[in-house]
Amino acid sequence: MSSSPKETETFDVDFTREQRWIVHHRVVTLADEALAAGTQPPAWLVDLFERLEAGSSTITVRQATELRADLSDYVTDGETPQADEDVATAALEDLSAIEP
């Protein structure tokens, strides 16, 4: 059985240093939340973390979709600092070209 295109098709995303920091922060936060809930982080999240740690600029459609959802929530969270909102919004714009 082969993986779906969402899992295997990759795109290059040219995040700025600040965007990469926000994305990394959100990925780590999502992994921490899963572990705190007693579950393993999903495979897409672990793979994205490994890509970010390796300095890769490629992500899958699935990762882009999941990341867009999380960043959208992060931007609208009243607790998010304005500077983070601005950077996360810019990252969302960069991810908007990747369609599921």
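Above: the structure in question.
Here's what I pulled together on the structure shown here. Everything numeric in this text was worked out from a predicted model, so none of it was measured. (Residues numbered from 1 in each chain as written. Predicted model: local features only at pLDDT ≥ 70, side-chain atom pairs only at ≥ 80, totals over all residues. Heavy atoms only, no water.)

### Concerning the overall build of the chain
Moving on, step 1. Check the secondary structure of the chain and you find five helices and two strands.
Moving on, step 2. Listed by position from the N terminus, the elements making up the chain come as α-β-α-α-β-α-α.
Moving on, step 3. Since a compact globule built from 100 residues should have a radius of gyration of about 13 Å, the 13 Å found for the chain is in line with a globular shape.
Moving on, step 4. Principal axes of the C-alpha set define a box for the chain whose edges measure 45 × 35 × 25 Å.
Moving on, step 5. Buried positions account for 35% of the 100 residues belonging to the chain.
Moving on, step 6. Pairs at least 24 residues apart make up 67% of the contacts formed inside the chain by residues separated by at least 6 positions.
Moving on, step 7. Carbon and sulfur atoms form 51% of the exposed surface of the chain, whose accessible area is close to 6000 Å². (Helix = DSSP H or I, 4+ residues; strand = E, 2+ residues; numbered from the N terminus. Rg over C-alpha atoms; globule rule 2.2 N^0.38 Å. Buried < 20%, exposed > 50% of the residue type's maximum accessible area, 1.4 Å probe, protein only. Contact = heavy atoms within 4.5 Å. Areas by Shrake-Rupley, 256 points an atom, 1.4 Å probe, with all protein chains shown as cover.)

### Topic: a negative patch on the surface
Moving on, step 1. Negative charge collects at one region of the surface, where Asp12, Asp14, Glu93 and Asp94 lie side by side.
Moving on, step 2. Relative to the elements of secondary structure, glutamate 93 occurs in helix α5 (residues 82–95). (Patch = residues over 30% accessible without salt bridge, like charges linked within 9 Å, V, L, I, M, F, W, Y side chains within 5 Å. Salt bridge = Lys/Arg side-chain N within 4 Å of Asp/Glu carboxyl O. Lys, Arg positive; Asp, Glu negative; His and termini not counted. Charge placed at Lys NZ, Arg CZ, Asp CG, Glu CD.)

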